Amino acid sequence: MLDRNIILVIPVAKMSEEGNQIEEFEQIDFLKDRHVRFFQRSLQVLPERYSSLETTRLTIVFFALSGLDVLDALHVIDKDNMIEWIYSLQVLPTEDESNMQRCGFRGSSHIGLPYSSKGPGMAHPYDSGHIAMTYTGLASLLLLGDDLSRVNKRACLTGLKALQLEDGSFYAVPEGSENDMRFIYCAACICYMLDDWSGMDIHKAIEYIRRSMSYDNGIGQGAGLESHGGSTFCAVASLRLMGRLEETLSERELDRIRRWCIMRQQTGFHGRPNKPVDTCYSFWVGATLELLDVFQYTNYEKNRNYILSTQDRLVGGFAKWPDSHPDPLHAYFGLCGLSLLGEPELMKVHPALNVTQRAFQHLQQLQQAWRDNVSSCT
Amino acid sequence: FEWSDLEPVPQDDGPNPVVKIAYSEKFTDVFDYFRALLKNDEKSERAFTLTAEAIELNAANYTVWHYRRVLLQALEKDLRQEMRYITAIIEEQPKNYQVWHHRRMVVEWLSDPSEELEFIADILSQDAKNYHAWQHRQWVIQEYKLWDSELEFVERLLEEDVRNNSAWNQRHFVISHTTGYSDPAILDREVQYCLCQIRKAPHNESVWNYLKGILQDRGLSSHPGLLERVLELKETQCSPYLLAFLVDSYEDALETNNTRATLNQAQEVCALLAQVKDTIRREYWLFLGRSLESKYGPTAAPQSDAASSDAADQQELS
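If you're wondering where the values come from, they're calculated on a predicted model, not measured in any experiment.

Looking only at helices and strands, chain A features 14 helices and five strands. Expected size for 378 residues packed as a compact globule is a radius of gyration near 21 Å; at 21 Å, chain A falls within 12% of this value. Taken over 378 residues, chain A has a buried fraction of 62%. Contacts in chain A between residues at least 24 apart in sequence constitute 66% of all its contacts with a sequence separation of at least 6. When the accessible area of chain A is evaluated, it comes to approximately 14600 Å², of which 51% is carbon and sulfur surface.

Moving on, we come to the packing of aromatic side chains. How two aromatic rings sit relative to each other is given by the distance of their centres and the angle of their planes. One pass over the structure, following the stated rule, counts 36 aromatic pairs over all chains. Their ring planes at 70° and their centres at 5.5 Å tell us that A:F62 and A:Y332 sit as a pair that is edge-to-face. Residue A:F62 is found in helix 2 (residues 57–70), and its partner A:Y332 is found in helix 13 (residues 328–340); the two are separated by 270 residues along the sequence. Here A:F62 matches A:Y332 in class, with each residue buried. A ring pair is formed by B:W208 and B:F245, whose centres lie 5.3 Å apart and whose planes are at 55°; its orientation type is tilted. Highlighted residues: B:W208 in helix 11 (residues 205–215) and B:F245 in helix 13 (residues 240–256), separated in sequence by 37 residues. Taking relative accessible area as the criterion, B:W208 reaches 1% and is therefore assigned buried.

Turning to the interface of chain B and chain A, a few remarks are in order. The interface is formed by 67 residues belonging to chain B together with 67 residues belonging to chain A. Between chain B and chain A, the buried area comes to about 6100 Å², and carbon and sulfur atoms account for 51% of it. Considering only the side of chain B, the residues that lose the most area to chain A are B:V19, B:Y131 and B:I280, jointly responsible for 13% of the buried surface there. At the junction of chain B and chain A, the tally comes to five salt bridges. Across the pair B:D248 and A:R259 runs a salt bridge whose closest N-O atoms are separated by 2.8 Å. No other element matches helix 15 (residues 282–296) of chain B, which puts seven residues into the side of chain B that touches chain A. Taken together, the two bridges between strand 3 (residues 45–46) of chain A and strand 1 (residues 20–21) of chain B define a ladder with parallel strand orientation. Across the sheet, the residue bridging to A:L46 is B:I21, located in strand 1 of chain B.

All names here are of chain A. Among the surface-exposed residues, L8, V9 and F25 lie close enough to one another that they form a single nonpolar patch of about 290 Å² accessible area. Relative to the assigned elements, F25 resides in strand 2 (residues 21–27). Take F25: its relative accessible area is 57%, and that puts it in the exposed class.

All right, on to the environment of A:N305 then. Residues and elements named next belong to chain A. Here N305 shows up in helix 12 (residues 300–309). The exposure class of N305 is buried, given its relative accessible area of 14%. As a C-alpha pair, N305 and V12 span 293 residues in sequence and 10 Å in three-dimensional space. Discounting chain neighbours no more than four positions away, the residues touching N305 are I10, E26 and I28.

Residues and elements named next belong to chain A. Tallying each qualifying case throughout the model produces 45 salt bridges over all chains. Among the salt bridges present, the one from D72 reaches R358, with a minimum N-O distance of 3.3 Å. Placement of the pair is D72 in the loop between helix 2 and helix 3 (79–87) and R358 in helix 14 (residues 357–377), with a sequence separation of 286 residues. Exposure remark for D72: the relative accessible area of 37% places this residue in the partly exposed category. Across the pair D195 and R371 runs a salt bridge, and its minimum N-O distance is 3.0 Å. In this pair, D195 sits in the loop between helix 6 (181–194) and helix 7 (202–211) while R371 sits in helix 14, placing the two residues 176 residues apart along the sequence.

This part takes up the UniProt feature "domain: Prenyltransferase alpha-alpha toroid" (unreviewed entry) in chain A. As recorded in UniProt, the sites labelled "domain: Prenyltransferase alpha-alpha toroid" (unreviewed entry) are residues 30–355 of chain A. This span, residues 30–355 of chain A, is 44% helix and 2% strand, and a straight line between its end C-alpha atoms measures 21 Å.

All names here are of chain A. Counted by the stated rule, this structure contains four cavities of 30 Å³ or more. By volume, the largest cavity amounts to about 180 Å³. Partitioned by chemical class, the residues of the lining of the largest cavity number nine nonpolar, nine polar and five charged. Approximately 70 Å³ is the volume attributed to the second largest cavity. Surrounding the second largest cavity, 14 residues form its lining, C103, T134, G159, L160 and L163 being those nearest its centre. Where the lining of the second largest cavity is concerned, the elements lending two or more residues are helix 4 (131–143) and helix 5 (153–161). If you tally residues by element for the lining of the second largest cavity, the top one is helix 5, at three residues.

Our next topic: the environment of A:T55. Residue and element names in this part refer to chain A. Relative to the helices and strands, T55 resides in the loop between strand 3 and helix 2. Accessibility expressed as a relative area gives 1% for T55, which makes it buried. T55 sits 55 residues away from H110 along the chain, and the two C-alpha atoms are 6.7 Å apart.

Residue and element names in this part refer to chain A. Pairing analysis gives seven bridges linking strand 1 (residues 9–15) to strand 2, with the strands arranged antiparallel. Considered in strand 2, the bridge of V9 is made with Q27. Between the antiparallel neighbours strand 1 and strand 2 lie five residues, among them G19 with a positive phi of about 100°.

Bringing helix 1 (residues 32–42) of chain A into the picture now. All names here are of chain A. Every buried residue of helix 1 is accounted for by H35, V36, F38, F39 and S42. Seen from one end, helix 1 has its buried residues packed into an arc of 160°, which puts them on one side. Among the structural elements, strand 3, helix 2 and helix 13 are those in contact with the buried residues of helix 1.

When helix 6 (residues 116–126) of chain B is considered as a whole, its buried residues turn out to be B:E116, B:L117, B:F119, B:I120, B:A121, B:I123 and B:L124. Contact partners of the buried residues in helix 6 of chain B: helix 4 (79–92), helix 5 (97–110), helix 7 (131–144) and helix 8 (150–160) of chain B.

Basis of the calculations
- Residues numbered from 1 in each chain as written.
- Chains lettered and ligands numbered in written order.
- Predicted model: local features only at pLDDT ≥ 70, side-chain atom pairs only at ≥ 80, totals over all residues.
- Heavy atoms only, no water.
- Helix = DSSP H or I, 4+ residues; strand = E, 2+ residues; numbered from the N terminus.
- Rg over C-alpha atoms; globule rule 2.2 N^0.38 Å.
- Buried < 20%, exposed > 50% of the residue type's maximum accessible area, 1.4 Å probe, protein only.
- Contact = heavy atoms within 4.5 Å.
- Areas by Shrake-Rupley, 256 points an atom, 1.4 Å probe, with all protein chains shown as cover.
- Phe/Tyr/Trp six-rings, centres within 6.5 Å; stacked < 30°, edge-to-face > 60°.
- Buried area = accessible area lost by both parts, 1.4 Å probe.
- Salt bridge = Lys/Arg side-chain N within 4 Å of Asp/Glu carboxyl O.
- Pairing = 2+ DSSP bridges.
- Patch = residues over 30% accessible without salt bridge, like charges linked within 9 Å, V, L, I, M, F, W, Y side chains within 5 Å.
- UniProt positions renumbered as here; feature names shortened; annotations may be inferred.
- 1 Å grid on protein atoms, 1.4 Å probe; cavity = no way out; pocket = protein on both sides within 12 Å on 5 of 7 lines; lining within 4 Å.
- Points joined across faces, edges and corners; volume = space filled by probe spheres on them.
- Nonpolar A, V, L, I, M, F, W, Y, C, P; charged D, E, K, R; others polar.
- Arc of directions from axis to C-beta.

Here it is in structure tokens:
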């Protein structure tokens, strides 16, 4: 059995500038320390060219923190400071609770409220949570070891419920936005973490998922839309979190989704037929295959080699393609892709909740304690 | 505009900011004043003008877009002009969620989709697989019933790139919402169209997915003569997708008529895929072979429905 860690270079056919095929050597060793430093830097200061990420900064925090968790390197950051900052993003109910339907977590302080990591909420005409920030906020608190005791669960769930549409899908914000499978996944994660499904109409969400199944057996962002690795993950992972995967999809349907997903492997994975591969799909599609028990039948070597070919050897992190700039999202999902492959230095990732197994176990302990508290009070 | 009456509102990340973005003075200024307007919910021309400046700096800020929409209505702004504005922004940033959502809102307010198909076609001419563009296109077509020339549009795109999976998806979208696939003449037309495209470009997952997709719920082995055509194509225009289609056709046949001969044919193709034609999925094809054997082979447990217990009676044991 070949120890793949001994092989540090592999021959790869490349096109030279003159247009003829030459052989190069690609380095495929995993640079753990670089990635730790990459995430550390992401958590500090980003240059102005990242301004489009302002309203989604909390998701970047999640990628960095969960990435460090997967690298088993959370010790490099100040967890308490991080927890405080995350709680400052919670949209809490005002004294008169008139904003309950807008509660959740913000992506950043961009609205301009004064910093406050404890309640009560401050009235502001345009302050509301964002479903993806509520999801990543809760997940980040969890993986930092927080007990969620300062989360106003009732407010979060009220805010969540207000985002669900008639067709079962969700808006991101109460003011309105696009609606698609991404936000169903966010909603499912929120309910799962808070152990409370009153935040959504599960039946309607399941119907939306079913209607998003494509003729080609993948799942799109919505009915009629092209099947896509990201939305397929969101759908399958949501059903798994709801505990409804096997009852919603027949064995035949599951087999068909398995086939669609497994056909996404080219070297690494792409997200749609006839599109180029991209590192992040090693997680989106890989995790879906894992949830469907067939990831074991993929080609590990080709997948690993592709992910590592997108590794930035200088600054750390991963990019979607080789010789491209790394970013926190691809760095995180590249790592998760490697974790699915059993990369030795990495923690295992829960394929539905997208946090380490360790964070997941912490959640289970918390939820047990919540249930014990409830039963000891009644 | 006069701004001196307004107290700018800075961002406050507290003592230990995380993922802090280092903004220039200009950037900070624009948004500090934006935050001030937001807090007062000011509905004015200067607010409207500032949203455009904020959008130019960060078109992904959904709060700015929402506020702009509030102002568009409160100030009764010219929505035709807004259409021109959003057209220009989307051309510059066609992969941004907020700009497409904004366009949809303006189209809804105007109840005027008349520019949409041409606009989206232009965006698709720059990136024929832009998911936002296709999503907006499907919304417009379905909402305003603009089905009439869409199949023609799809065919044009497929002529340009027969491997455009988004175009194949759109083909299914149009037909399933107009004529449907129940009419045998339509179904056969589509099957013939697929076979024609396969001959031209055999290594194309999209066309095979489409072919399988339109037939699988009726039964892949139900379309007369198709299996024979596929077996012919196997000789000169083989591909992993053709072979997968074959396996699925054999499995479909096994469901109603479980014979060792058919099972062997399926196994042969699985082996061909695993060993020669689709080795990256070797383990999967071997797994599929084992599943088929276990479902339809001599040791298979009796199946529950009537059709297959008849099949079990007919099963020839090797």
